[in-house]
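Below are the chains, spelled out letter by letter.
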2 protein chains.
Amino acid sequence: MASAKTQPARGMRDFLPEDVRKREFVIGVIKEVYQRYGFEPLETPAVENIETLMGKYGEEGNQLIFKILKRGVHEGTGEADLALRYDLTVPLARVVAEYREKLPKFFKRYQIQPVWRADRPARGRFREFYQCDVDVVGTESVIAEVELCSAVSEVLETLGFHDFTIRINHRKVLGGMLKYVGVSQNEQSSFLTILDKLDKIGADAVELELAKKGFQGDLVGELLQYLVFAQDNAQRSQHAIGELHKIANFMNDGSPDRAQGQWQLAQIESLASHTPAHKYLRFDPSLARGLSYYTGTMFEISVRDLSGSLGGGGRYDNLVGMFGGREIPACGFSLGLERILVVMNERGMFSTDTIKGPADIMVALWSENDRGNSLALAMQLRARGIRVDLYPEPDKLGKQFGFASSRQIPLVAVLGTEELLRDEVKLKDLRSGEQRSVKSKFVSDEVLQLIKGDK
Amino acid sequence: MASAKTQPARGMRDFLPEDVRKREFVIGVIKEVYQRYGFEPLETPAVENIETLMGKYGEEGNQLIFKILKRGVHEGTGEADLALRYDLTVPLARVVAEYREKLPKFFKRYQIQPVWRADRPARGRFREFYQCDVDVVGTESVIAEVELCSAVSEVLETLGFHDFTIRINHRKVLGGMLKYVGVSQNEQSSFLTILDKLDKIGADAVELELAKKGFQGDLVGELLQYLVFAQDNAQRSQHAIGELHKIANFMNDGSPDRAQGQWQLAQIESLASHTPAHKYLRFDPSLARGLSYYTGTMFEISVRDLSGSLGGGGRYDNLVGMFGGREIPACGFSLGLERILVVMNERGMFSTDTIKGPADIMVALWSENDRGNSLALAMQLRARGIRVDLYPEPDKLGKQFGFASSRQIPLVAVLGTEELLRDEVKLKDLRSGEQRSVKSKFVSDEVLQLIKGDK
């Protein structure tokens, strides 16, 4: 038969065992921490009705959605009725609207699933990637914000990150400043989309783009200058959130919204002092976030050696209402699994303590006639929780040892003719090269000792 | 805004927290057992190039594949270039062909991921469902078969199943019989597709369908009669695989293939005696399996209270070659997660011991001013590994207790004015109704005691 193309589809990846083990380790840490904070798991289908997704992610988003052809006789029409999940927030909003009566009043959920975007693939940008979302639905209390920041900080600390920052801002504080410099409510979203590029394209380019859209004048210039300074400050200082009070009177439009935003940020700062989030939080009045659905706090997590963020989020009190007619407040965080993995790999943050190899021991096969004995030995070890590979063919022993060694399996057990006669098992430790014979009935204990010593 | 449709797409399901916890429990058991047998995890993309899938699953399969529209300007043409994963075997074959050099010579992998089929949804039949596959690639040794049956038996036993059977047959034994009664090599697949329906539509209907295709005569009748008897026997008897020798001379075409099949079954029976699979294995010469790619052993697992199987598999020594030109022997098993869950739910096999609720304890919020203290208490408990929910609003205490109780959270901690003055925490056990005050520094120990006592 002719050989077919065997690569995965463009922008998609196969994960071989070592990749999966790393991914599952990170996901395991995320789940464990989120569960300790009382978050519950949710899963939604990979495929949604196309109307559920279209129009939720802006014009660019619509184009990046993978669309699925109608089946059967409709296939010829080219009509699409389904689409692949594009993020985990819109499905959450749909679920909350659909199961409102079954869900608790305060619904704290995490969701760790892949999403698909027909983006042009690039280094670190894939068409299938995992999002790790955590959201609190049903309360306006800033306890939601504080617990989210705390949980995310614990996740990153547990993974071994200690140099990240969680930049925080408030849409209403930023909105008050914009109003003060003459940007109307309707123009805010357009202004913020440009401002969001500040750390990517720099202040001059942002000023130019703003001017093109008609945002100019002394006040706009002054605001921009301030935001550049504040962003820089947020990235350098130790506890920039403590500087919060300094902006209370800066470009204050005097609106209740601005006051509320300022007050909420202050409360978050104060409550966060009880949590590990406190040392990572930085107030950054320039933080705009691209998405227009944020209504309150906004967050972004970064580390110095990764351009772009490890994750971000904020409060979106109007999104759920889109599906139910009824507004339900919500606040959430999304961590990017692929980016966390990129940094952890580059920094060498995975150790053999955290990522175990394929097996603790391999049982070699002495001869075709010894299959029963070798299998029985493997079963005896497995019954004690030991991860055992069994070599399936009676190859030369050297070849069998080579196989174990190339796969980083630390131990090999051999049941040769002599060992069988003496009711013994020969154990070889491939790490030290040492080998010894052990009475059959003690072999599990011996193996447990040897692999425990390794940890 | 107008309210939108909030159900999941047709044939797809949302999994609320309790569902996810059950699914993850079962998946966790499967992974743990497979890892103990030295199987390694593999993950492939949900989306494959359409050529990778088309033509691999027969005419019916082609129609059930979800196809994805080309993006951008191509969208209008209705052309599809991608498709959703339809099973986990074809992606495995592609991966083995693509990464042959990086993978171990004997590649033992498990893969637990969703697949999508545009089937008409029905009770227990979904358009998105999980498969749990486990395969050994690279050896013809029957050790592969024995370890697969053993691992699958341990998975089911660990989940609490003790009444299943693993029916086993061999394509070459069945092929020898067919040849003996006059079915040519080319006609075998057509004959087997009909025979596969034996336990669904019965012997008379099978005979009629066979006759329509021209398969008739005394020998065909005799074979069918024998297979009905043998199937019945396999379902009743305790160790039907022990009856294997009895068929050695039954309708034997004298071919080396038939002899090899018979010999391999006998070896599997003998080796399986070292494993838990032994008591579940039943030789069923009528087992045909629908898929035409099996070349040797075939398996099917069933329990009495589920029509259809919990899983199945077999040896397919030619499939991997489809992608690489080079044939590589392989043998595998696929468990159906949804069917396992259906039976476990119907039989009440999930207990509160295995499926934990959303949190071990809820910290109530006495007043707006106590947010800091309550948060600090929650953090203190979480630091000890306790899963803690924190009520975010200062509602009446009765309402807060009701919230915890409705979510099956067993404990509530209250930090009221009095407790604060005495440096105490009030703990209420909602299961017994008991409550007591505990000194702050002992509260974590006390909570750990209370939730351990529960387990």
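A few points on the structure. (Residues numbered from 1 in each chain as written. Chains lettered and ligands numbered in written order. Predicted model: local features only at pLDDT ≥ 70, side-chain atom pairs only at ≥ 80, totals over all residues. Heavy atoms only, no water.)

Comments concerning empty space enclosed by the protein
Consideration 1: In total, this model carries four cavities of 30 Å³ or more according to the counting rule given.
Consideration 2: Size it by volume and the largest cavity reaches roughly 100 Å³.
Consideration 3: In terms of lining residues, the largest cavity is bounded by 14 residues, among which Lys108 and Val136 of chain A together with Asp389, Leu390 and Pro392 of chain B are the most central.
Consideration 4: It is helix H5 (residues 143-159) of chain A that provides the largest number of residues to the lining of the largest cavity, a total of three residues.
Consideration 5: Split into classes, the residues belonging to the lining of the largest cavity amount to nine nonpolar, one polar and four charged.
Consideration 6: In this structure, the second largest cavity is lined by 13 residues; those nearest its centre are Asp389, Leu390 and Pro392 of chain A together with Lys108 and Val136 of chain B.
Consideration 7: For the lining of the second largest cavity, the elements supplying multiple residues, two or more each, are strand E13 (388-390) of chain A together with helix H5 (143-159) of chain B.
Consideration 8: If one sorts the elements of the lining of the second largest cavity by residue count, H5 of chain B sits on top with three residues. (1 Å grid on protein atoms, 1.4 Å probe; cavity = no way out; pocket = protein on both sides within 12 Å on 5 of 7 lines; lining within 4 Å. Points joined across faces, edges and corners; volume = space filled by probe spheres on them. Helix = DSSP H or I, 4+ residues; strand = E, 2+ residues; numbered from the N terminus. Nonpolar A, V, L, I, M, F, W, Y, C, P; charged D, E, K, R; others polar.)

A closer look at the environment of Ala205 of chain B
Residue and element names in this part refer to chain B.
Consideration 1: With respect to the element layout, Ala205 can be found in helix H8 (residues 198-212).
Consideration 2: Residue Ala205 is classed as partly exposed on the basis of its relative accessible area of 26%.
Consideration 3: For the pair Ala205 and Ser307, spaced 102 residues apart in sequence, the C-alpha to C-alpha distance is 18 Å. (Buried < 20%, exposed > 50% of the residue type's maximum accessible area, 1.4 Å probe, protein only.)

Some words on the sheet that holds strand E14 (residues 411-414) of chain B
Residues and elements named next belong to chain B.
Consideration 1: The strand order across the open sheet built from five strands is E13-E12-E14-E15-E16, with neighbouring strands paired in mixed fashion. Two strands bound the open sheet, and with one partner strand each, they are strand E13 (388-390) and strand E16 (435-439). Between one strand axis and the next, the sheet turns by 25 degrees as a mean value, whatever way the strands run.
Consideration 2: Bridging between strand E12 (residues 361-363) and E13 involves three bridges; their strand directions are parallel. Considered in E13, the bridge of Met362 is made with Asp389. (Pairing = 2+ DSSP bridges. Axes fitted to C-alpha atoms, helices over the stretch in contact; angles between N-to-C directions.)

Here's the deal with the interface of chain B and chain A
Consideration 1: On the chain A side, the residues contacting the 103 residues of chain B number 103 residues.
Consideration 2: With both chains or domains summed, chain B and chain A bury close to 8800 Å², and 57% of this area falls on carbon and sulfur atoms.
Consideration 3: On the surface where chain B and chain A come into contact, there are 14 salt bridges.
Consideration 4: A salt bridge links Asp389 of chain B to Lys108 of chain A; the shortest N-O distance between them is 2.7 Å.
Consideration 5: Our count for the chain B to chain A interface comes out at 38 residue pairs in polar contact (both at pLDDT 80 or more).
Consideration 6: Broken down by element, the residue count for the side of chain B that touches chain A peaks at seven residues, all from helix H1 (residues 17-36) of chain B.
Consideration 7: Considered class by class, the residues forming the side of chain B that touches chain A number 51 nonpolar, 21 polar and 31 charged. (Contact = heavy atoms within 4.5 Å. Buried area = accessible area lost by both parts, 1.4 Å probe. Salt bridge = Lys/Arg side-chain N within 4 Å of Asp/Glu carboxyl O. Polar contact = N/O pair within 3.5 Å; in protein donor to acceptor, adjacent residues only side chain to side chain.)

Quick notes on the state of the cysteines
Consideration 1: Summed over the entire model, instances satisfying the criterion amount to zero disulfides over all chains.
Consideration 2: Cysteine Cys132 of chain A shares no disulfide, and the gap to the nearest cysteine sulfur, in Cys149 of chain A, comes to 17 Å. (Disulfide = S-S within 2.5 Å.)

Re the relation of the copies chain B and chain A
Consideration 1: The operation relating chain B to chain A is a screw motion whose rotation component is 180 degrees, with 0.0 Å of axial translation and a residual RMSD of 0.0 Å. Classification of the inter-copy transformation places it as that of a two-fold axis. Judged by C-alpha distance, Gly78 of chain B is the residue of chain B that lies nearest the rotation axis, at 1.8 Å.
Consideration 2: Most of the interface of chain B is mirrored in chain A: 100% of its interface residues are interface residues there too. (Least-squares fit on C-alpha atoms with pLDDT ≥ 70 in both.)

A word on the pairing of strand E10 (residues 311-315) of chain A
Every regular strand shows the same layout, with side chains that alternate between the two sheet faces.
All names here are of chain A.
Consideration 1: For E10, the tally of buried residues reaches five of five residues, placing the bulk of the element in the interior.
Consideration 2: Every second residue of E10 is oriented toward a common face, with Gly311, Gly313 and Arg315 on one face and Gly312 and Gly314 on the other, all of them buried.
Consideration 3: Sheet topology note: the E10/strand E11 (residues 330-336) ladder contains five bridges and is antiparallel. If you follow Gly313 over to E11, its bridge partner there is Phe333.

Re the sheet that holds strand E15 (residues 424-429) of chain A
All names here are of chain A.
Consideration 1: The five strands lie next to each other as E13-E12-E14-E15-E16, forming an open sheet whose pairing is mixed. Edge positions in the sheet fall to E13 and strand E16 (435-439), since each has one partner strand and no second. Within this sheet the neighbouring strands show an average axis-to-axis angle of 25 degrees, counted without direction.
Consideration 2: Here strand E12 (residues 361-363) runs beside strand E14 (residues 411-414); their pairing, made up of three bridges, is parallel. Bridge pairing links Val363 to Ala413 in E14.

A closer look at the packing of helix H13 (residues 371-382) of chain A against H5 of chain B
Consideration 1: For the pair H13 of chain A and H5 of chain B, interaxial distance at closest approach is 12 Å and the crossing angle is 25 degrees. As far as their axial angle goes, H5 of chain B and H13 of chain A are roughly parallel. The interaxial crossing formed by H13 of chain A with H5 of chain B has right-handed handedness. Along the contact surface, H13 of chain A presents Arg371, Leu375, Met379 and Arg382 of chain A, while H5 of chain B presents Ile143, Val146, Glu147, Ser150 and Glu154 of chain B.
Consideration 2: Considering only residue class, the contact of H13 of chain A with H5 of chain B consists of four nonpolar, one polar and four charged. (Parallel < 35°, antiparallel > 145°, perpendicular 65-115°, else oblique. Left-handed = near helix turned anticlockwise from the far one by under 90°.)

So, the environment of Glu128 of chain A
Consideration 1: With respect to the element layout, Glu128 of chain A can be found in strand E6 (residues 128-137).
Consideration 2: Along the chain, Glu128 of chain A and Ala259 of chain A lie 131 residues apart, while their C-alpha atoms are 41 Å from each other.
Consideration 3: The residues touching Glu128 of chain A, leaving out its near neighbours within four places in the chain, are Gly11, Met12, Arg13, Pro114, Val115 and Trp116 of chain A together with Pro45, Ala46 and Val47 of chain B.
Consideration 4: There is a polar contact of 2.9 Å between the side chain of Glu128 of chain A and the side chain of Trp116 of chain A.

Looking at the pattern of salt bridges
Should their charged atoms come close, side chains of opposite charge can pair.
Consideration 1: Using the criterion set out here, one finds 74 salt bridges over all chains in the structure.
Consideration 2: Among the ionic pairs, Arg387 of chain A bridges to Asp360 of chain A, the shortest N-O distance being 3.0 Å. Taken together, the residues Arg387 of chain A in the loop between H13 and E13 and Asp360 of chain A in the loop between helix H12 (337-346) and E12 connect sequence positions 27 residues apart.
Consideration 3: On the basis of relative accessible area, Arg387 of chain A is assigned to the buried category, the value being 9%.
Consideration 4: Across the pair Glu424 of chain A and Arg422 of chain A runs a salt bridge, and its minimum N-O distance is 3.4 Å.
Consideration 5: The network of salt bridges with shared partners includes Arg21, Arg382, Asp389 and Arg407 of chain A together with Glu40, Lys108 and Glu147 of chain B.

As for the nonpolar core
Consideration 1: One finds Tyr34 and Phe161 of chain A together with Tyr34 and Phe161 of chain B to be the most contacted residues of the largest nonpolar core, which totals 258 residues.
Consideration 2: With residues near it in sequence (within four places) discarded, Tyr34 of chain A still touches Phe39, Tyr110, Val134, Ala151, Val152, Val155 and Leu335 of chain A.
Consideration 3: One finds Ala9, Met12 and Ala46 of chain A together with Trp116 of chain B within the second-largest nonpolar core, a separate group that totals 20 residues. (Core = buried A, V, L, I, M, F, W, Y, C linked by side-chain atoms within 4.5 Å.)

Examining the environment of Ile328 of chain B
Residue and element names in this part refer to chain B.
Consideration 1: With respect to the helices and strands, the residue Ile328 is situated in the loop between helix H11 (321-324) and strand E11 (330-336).
Consideration 2: Each C-alpha atom, one on Ile328 and one on Gly138, is 5.7 Å from the other, the two residues being 190 residues apart in sequence.
Consideration 3: Apart from the residues within four sequence positions on either side, Ile328 is in contact with Val96, Arg100, Val137, Gly138, Tyr316, Asp317 and Val320.

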